[in-house]
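One-letter residues, chain by chain:
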There are 2 protein chains.
Amino acid sequence: MSLSDTTPLNAAIAARQSSRQLAILPTSARNDALTAMHYALSVAKDEILAANAEDMQLAEAAVLAGSISPSLMKRLDLGKKGKYADMLNGILSVRDLEDPVGKIDRRTLLDEGLTLERISCPIGVLLIIFEARPEVIANIASLAIKSGNAAILKGGKESTKSFIAISRVLSAALETTLVPSASLQLLTTRDAIIPLLGLDTHIDLVVPRGSNDLVRHIKSHTQIPVLGHADGLCSAYLRPDYPAALATRIILDAKTSYPAACNSLETLLVDEACLLRDTGNFLPVASALLERGVELRCDAHVREFLTAALPSATGVKAADENRDFDTEFLDLTLAVKTIPSGASAGAALATAMEHINKHGSHHTDVILTLDEGIANGFLAGVDSAGVFWNTSSRLADGQRYGFGTEVGISTNKIHARGPVGLEGLTIYKWVVKGNGQVSEDYGEGEGKKPWLHRTLPVGEGSS
Amino acid sequence: MSLSDTTPLNAAIAARQSSRQLAILPTSARNDALTAMHYALSVAKDEILAANAEDMQLAEAAVLAGSISPSLMKRLDLGKKGKYADMLNGILSVRDLEDPVGKIDRRTLLDEGLTLERISCPIGVLLIIFEARPEVIANIASLAIKSGNAAILKGGKESTKSFIAISRVLSAALETTLVPSASLQLLTTRDAIIPLLGLDTHIDLVVPRGSNDLVRHIKSHTQIPVLGHADGLCSAYLRPDYPAALATRIILDAKTSYPAACNSLETLLVDEACLLRDTGNFLPVASALLERGVELRCDAHVREFLTAALPSATGVKAADENRDFDTEFLDLTLAVKTIPSGASAGAALATAMEHINKHGSHHTDVILTLDEGIANGFLAGVDSAGVFWNTSSRLADGQRYGFGTEVGISTNKIHARGPVGLEGLTIYKWVVKGNGQVSEDYGEGEGKKPWLHRTLPVGEGSS
């Protein structure tokens, strides 16, 4: 692993070269490297925590000076109870996942003795840009090597000393394995980002891990594909037929279980028929949200209803129509909008979907209804990575989906969408094996053969 | 379908709106639209050929004035025997392919009553930029609608009148179907390209169909993902053990069956042990190539060998080492380079792979050998969309792979690689169906439930 004295270009070249070697290593060699990384980080715990303590000291001064936030400093702290152990366990969890490389998912007999196979392989060189959390380096290094990719890592400046310490340890660990140590390249200076983002012939994919601003900045400064999401503006659409108790349970979870998460709820769309004092399902939902301290930014119709029904509630506010339905609050704030019931349930659904497709961020959106037809319309018509029926948007998560780990959540429309597991760090190649066949053998006309195009069973590993 | 008076932004907005409607149409509605398009184009043949004749007249004058090439004019001609019928048949072939939308390829039981499904869906809005061939409009319109995508089509200016005529007919045909006619947007002015390439929030994927220069220009002017390839620099590595007759057959096919194709051979790497006067396999290959009029741009070693062995051959030239191994000749020219045999076959293989990974375009590369171990090293280590063993690079083609149709050939490292069928115009969404489950139900600790993460059988259509 190279340290910060490497230029961006040299780092990228070294990563590319290493990626060629990594691509042909067997599963066991990549897994062994993760074992070695785990062991080395276990042994070097004191040394790394000492480096982290230096970062923490500088951060403390910066907090006092007001230049960084206390929450950033908290994220920096690798000494926090359980954090180091979690980092170490994460490496072993990734190691023990199924190998995403070398999987054949399509096999065709083109002609006798001529087969076509589609086999998964690493993408090549990843550029991972992340903010303060120093444990991310171990996580990302594990994911990259497990999937056979080289990675250039650019960490936040606040954790420079921790990064350098961790990277020295990982570098030394890789030296003892078949994985080239140059597979991991660490760059610490902020100046490196823009030149790296311009190296589109050397770098195949950018994975930003951090704030929306970071992702947005990166997306607008590179032609390299970026895997991630800038925004997580999730919405739920409450239909009048859905039981109030279940609606309350789901919406409370979606809004309050972790408001800063990208899969938390930001907008609630309520059918106007939900706004009934005694029999409607919205009032119990709103009461529970207000009780939990959620501020409701309501359109005129909802506000009028709530101020009449709950005159003493202080959390009912008027929504700014030009802003609040396009805002990811990441906080105990929820925008609430009425959907006119219209001529039919289908018409109301169309209005709700139009709002979501226009104002949402195509991350995860929810419908709450007992009507399967309406639900299916929503699941098909909402253009988001996750479309949920009668459950919380907070379930949009790689661990919860059962991927074992998560590279990130993508709102891209190509390659990988939604929570991305190791599979998102792979692509495929087409392998054709013959024994002298040529294109001019096939086609129509005298002496030409037809293609067989017979589907063959698929399986792991190359035949 | 809008004609050329639409602004790029309005075209993109209309396409996006239509894409929402298209996404929820059943297979039958999309297929019916293709039937209607086919019928309308059959009926309007005379009208369209008349418009095409006007384009041809202008083109004829332009050829005389030297401003366009005769081959471009030839591509423009829709009246050429069989071309119109091929265009019509192409629509029905696409219609009759399996629907790429709505396929569930992963299903997990997260908990009792809580399922996760990954289901294929359209990408959304495609921008298709193509050059003269007017029949491409029908082909691309079929592919887009079959896969549930809206498309903005930007054709070459030489075929404007043909495009307008075809698009009027398609537009009228779509008016009679459930597919919104605004799903296809036609723009004819060259000025439209740059503004369209900037509309990354409205357009999800750019598919350029045309010359390398066109693709390169587009890739460097947009942040929207581009599906395609700028270059097709394919190489073959000839090992000394491969029979001369088979090698000749494969290399002749790869170089001479269609030299202008992107999957044609441009570089031949020969192990130095192939360069033996009586027993080596290279001399028969070279003789056959020269006999077919192929110019061989040889490195010093190969040139020395060939001038001694074939003193009267006029096609043996010295390669310009700085250029010829990085050139896609698209012509009867082949660069030939010696690979030192080195200490072992593995060492020579490594040298050959290093050359290909550095100088090739990651399109399709071939090894010719009877040694399975060496072949497998090549198939794993060459970083290309297609890696072929003992067959011709010309097989890299969607029709030949059995896809039924081809959207293009991609050398991208994400999403779709190699020949791309309809599947490349789709992505997926994650559908979660529950009955009130929330994130706080799960995890470790008192009263929490574990995730089941039980794999369920997959199948077509939503459950």
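Here the structure is a predicted model, which is why all the values come from computation and not from measurement.

Calculation criteria
Residues numbered from 1 in each chain as written. Chains lettered and ligands numbered in written order. Predicted model: local features only at pLDDT ≥ 70, side-chain atom pairs only at ≥ 80, totals over all residues. Heavy atoms only, no water. Helix = DSSP H or I, 4+ residues; strand = E, 2+ residues; numbered from the N terminus. Buried < 20%, exposed > 50% of the residue type's maximum accessible area, 1.4 Å probe, protein only. Contact = heavy atoms within 4.5 Å. Areas by Shrake-Rupley, 256 points an atom, 1.4 Å probe, with all protein chains shown as cover. Lys, Arg positive; Asp, Glu negative; His and termini not counted. Charge placed at Lys NZ, Arg CZ, Asp CG, Glu CD. Pairing = 2+ DSSP bridges. Right-handed = clockwise from strand over helix to strand, strands pointing away. Buried area = accessible area lost by both parts, 1.4 Å probe. Salt bridge = Lys/Arg side-chain N within 4 Å of Asp/Glu carboxyl O. Nonpolar A, V, L, I, M, F, W, Y, C, P; charged D, E, K, R; others polar. Least-squares fit on C-alpha atoms with pLDDT ≥ 70 in both. Axes fitted to C-alpha atoms, helices over the stretch in contact; angles between N-to-C directions. Domains from an automatic or database assignment. Core = buried A, V, L, I, M, F, W, Y, C linked by side-chain atoms within 4.5 Å. Phe/Tyr/Trp six-rings, centres within 6.5 Å; stacked < 30°, edge-to-face > 60°. Lys NZ or Arg CZ within 6 Å of the ring centre and 35° of its normal. Parallel < 35°, antiparallel > 145°, perpendicular 65-115°, else oblique. Left-handed = near helix turned anticlockwise from the far one by under 90°. Polar contact = N/O pair within 3.5 Å; in protein donor to acceptor, adjacent residues only side chain to side chain.

Enquirer: Honestly, the overall build of chain A in this entry has me stumped. Any pointers?
Expert: The number of helices and strands found in chain A is 15 helices and 17 strands. Taking the principal axes of its C-alpha atoms as reference, chain A extends roughly 75 × 75 × 35 Å. In chain A, which comprises 463 residues, the proportion classed as buried is 59%. Put simply, of all contacts in chain A between residues at least 6 apart along the chain, 72% involve residues at least 24 apart. Of the roughly 17700 Å² that chain A leaves accessible, carbon and sulfur atoms contribute 52%. Here chain A contributes 44 positively and 54 negatively charged side chains, and the mean placements of these two sets differ by 3 Å.

Enquirer: Would you take a moment to explain the pairing of strand β5 (residues 184-187) of chain A for this structure?
Expert: When a strand is regular, its side chains alternate between the sheet's two faces. All names here are of chain A. Residues L184 and L186 line one face of β5 and the alternating positions Q185 and L187 line the opposite face, and both faces are buried. Inspection of the sheet shows strand β4 (residues 150-154) paired to β5 by four bridges, in the parallel sense. Bridging across to β5, K154 finds its partner in L187. In this fold, the crossover linking β4 to β5 by way of helix α7 (residues 160-175) has right-handed handedness.

Enquirer: How do you make sense of the interface of chain A and chain B when you look at a structure like this?
Expert: Often, the extent of an interface is quoted as the loss of accessible area upon association of its parts. On the chain B side, the residues contacting the 77 residues of chain A number 77 residues. Interface of chain A and chain B: buried area, both sides summed, is about 6200 Å²; carbon and sulfur atoms make up 52% of it. Viewed at the interface, chain B and chain A are joined by ten salt bridges. Its residues assigned to classes, the side of chain A that touches chain B shows 32 nonpolar, 26 polar and 19 charged. Pairing between strand β13 (residues 386-389) of chain A and strand β16 (residues 426-433) of chain B: four bridges, direction parallel. Among the inter-strand pairings, W389 of chain A is bridged to a residue of β16 of chain B, identified as K433 of chain B.

Enquirer: What is the right way to look at the relation of the copies chain A and chain B in this model?
Expert: Both copies of the chain are related through a single rotation about an axis accompanied by a shift along the same axis. For the pair chain A and chain B, the best superposition has an RMSD of 0.0 Å and corresponds to a rotation of 180° with a translation of 0.0 Å parallel to the axis. Such values leave the two copies arranged in the relation of a two-fold axis. It is H415 of chain A whose C-alpha, among those of chain A, lies nearest the rotation axis, at 1.9 Å. In this assembly, 100% of the residues forming the interface of chain A have copies in chain B that are likewise at the interface, indicating an isologous arrangement.

Enquirer: So what exactly am I meant to see when it comes to the sheet that holds strand β5 (residues 184-187) of chain B here?
Expert: Picture the strands of a sheet paired through backbone hydrogen bonds; they go either parallel or antiparallel. Residue and element names in this part refer to chain B. Ordered in space as β5-β4-β3-β6, the four strands form an open sheet in which the pairing is parallel. Bordering the open sheet on either side are β5 and β6 (205-209), each of which pairs with just one other strand. For this sheet, the mean inter-axis angle between neighbouring strands, taken without regard to orientation, is 20°. Strands β3 (125-130), β4 (150-154) and β5 of the sheet are contacted by helix α1 (residues 8-23), whose axis makes an angle of about 150° with β4.

Enquirer: Can you walk me through the domain arrangement of chain A in this structure?
Expert: Here chain A is partitioned into domain 1 (8-101 + 121-219) and domain 2 (234-401). A C-alpha centroid distance of 38 Å is found between domain 1 of chain A and domain 2 of chain A.

Enquirer: Help me understand the nonpolar core in this model?
Expert: Generally speaking, a soluble globular protein has its nonpolar side chains buried in company with each other. Core analysis: the largest hydrophobic core is formed by 238 residues, its most contacted members being L41 and F282 of chain A together with L41 and F282 of chain B. Contact partners of F282 of chain A, with chain neighbours within four places excluded, come to L238, L268, V270, C274, L275, V302, F305, L306 and V336 of chain A.

Enquirer: Would you take a moment to explain the packing of aromatic side chains for this structure?
Expert: Under the defined criterion, the tally for this structure stands at 14 aromatic pairs over all chains. Considering the side-chain rings of Y401 of chain A and W430 of chain B, the 5.3 Å spacing of their centres and the 45° angle between planes classify their relative orientation as tilted. Taken as a pair, Y401 of chain A in helix α15 (residues 398-401) and W430 of chain B in strand β16 lie in two separate chains rather than in one. Judged by relative accessible area, W430 of chain B falls into the buried class, the value being 1%. Plain terms: the ring middles of F403 of chain A and W430 of chain B are 5.4 Å apart, the flat faces sit at 50° to each other, and that makes the pair tilted. With F403 of chain A in the loop between α15 and β14 (408-410) and W430 of chain B in strand β16, this residue pair bridges two chains. Classification of F403 of chain A by relative accessible area gives buried; the value is 15%. Ring pairs connect the aromatic residues Y401 and F403 of chain A together with Y428 and W430 of chain B, which therefore count as one cluster. The ring centre of Y428 of chain A lies 4.3 Å from the NZ or CZ of R118 of chain A, which sits over that ring. The ring of F325 of chain A has K337 of chain A lying over it, and the distance from NZ or CZ to the ring centre is 4.9 Å.

Enquirer: Would you explain the sheet that holds strand β12 (residues 364-368) of chain A in this entry?
Expert: If you walk across this open sheet you meet the eleven strands as β10(A)-β9(A)-β11(A)-β8(A)-β7(A)-β12(A)-β13(A)-β16(B)-β2(B)-β1(B)-β17(B), and the pairing is mixed. Strands with a single pairing partner mark the edges of an open sheet, and in this sheet they are β10 (316-318) of chain A together with β17 (454-455) of chain B. Each of β7 (234-238), β8 (265-271), β11 (333-339) and β12 of chain A is contacted by helix α13 (residues 345-359) of chain A, which is oriented at about 160° to β8 of chain A, the strand it contacts most.

Enquirer: Honestly, the pattern of salt bridges in this entry has me stumped. Any pointers?
Expert: Where charged atoms from two side chains of opposite charge approach closely, those side chains can pair. Scanning all chains against the criterion turns up 50 salt bridges over all chains. Between R323 of chain A and D324 of chain A there is a salt bridge, with the nearest N and O atoms lying 3.6 Å from each other. Two residues, R216 of chain B and D213 of chain B, come together in a salt bridge whose shortest N-O distance is 3.3 Å. Taken together, the residues span about one helical turn, with R216 of chain B and D213 of chain B both in helix α9 (residues 212-219) at a distance of three residues. Of the residues examined, R216 of chain B reaches a relative accessible area of 38% and is grouped as partly exposed. By relative accessible area, which is 54% here, D213 of chain B ends up exposed. A network of salt bridges, in which partner residues are shared, links R16, R20 and D204 of chain A together with D383, K413 and R417 of chain B.

Enquirer: Is there a simple way to explain the packing of helix α5 (residues 83-95) of chain B against helix α6 (residues 136-146) of chain B in this structure?
Expert: The geometry of a pair of packed helices is captured by two quantities: the angle between their axes and the separation between those axes. Residue and element names in this part refer to chain B. Their axes nearest at 9 Å, the elements α5 and α6 cross at an angle of 10°. Accordingly, the angle class assigned to the pair α5 and α6 is roughly parallel. At the point where α5 passes α6, the crossing takes the right-handed sense. The residues of α6 that touch α5, namely those facing M87, I91, V94 and R95, are A138, S142, L143 and K146. In terms of residue class, the contact of α5 with α6 is made up of five nonpolar, one polar and two charged.

Enquirer: Just checking my understanding: could you explain the side chain of D271 of chain A for this structure?
Expert: Residue and element names in this part refer to chain A. Within the secondary structure, D271 sits in strand β8. A relative accessible area of 2% means that D271 is categorised as buried. Here the side chain of D271 touches Y237 through a polar contact of 3.3 Å, side chain to side chain. When sequence neighbours within four positions are dropped, the list of residues in contact with D271 reads Y237, L238, R239, P240, I339, P340, S341 and A348.

Enquirer: Help me understand helix α11 (residues 282-291) of chain B, please; the structure alone is not making it clear to me.
Expert: Count 3.6 residues to each turn of an α-helix, and residues three or four apart come out pointing the same way. All names here are of chain B. In terms of residue burial, α11 counts as a mostly covered element, since seven of its ten residues are buried. Where α11 is concerned, the buried positions are F282, L283, V285, A286, A288, L289 and L290. Of the residues trailing α11, G293 is marked for its positive phi of about 85°.

Enquirer: Can you walk me through the packing of helix α2 (residues 27-43) of chain B against α5 of chain B in this structure?
Expert: All names here are of chain B. At a closest axis distance of 9 Å, the pairing of α2 and α5 adopts a crossing angle of 170°. In terms of orientation, α2 lies roughly antiparallel with respect to α5. Residues N31, L34, T35, H38, L41 and S42 of α2 pack against Y84, M87, L88, I91, L92, V94 and R95 of α5. Residues belonging to the contact of α2 with α5 are distributed by class as follows: eight nonpolar, four polar and one charged.

Enquirer: Help me understand the environment of I251 of chain B in this model?
Expert: Residues and elements named next belong to chain B. Along the chain, I251 falls in helix α10 (residues 244-256). Note: C-alpha distance between I251 and S181 (70 residues apart in sequence) is 47 Å. With sequence-adjacent residues up to four places away left out, I251 is seen in contact with L265, L268, V285, L289 and L368.

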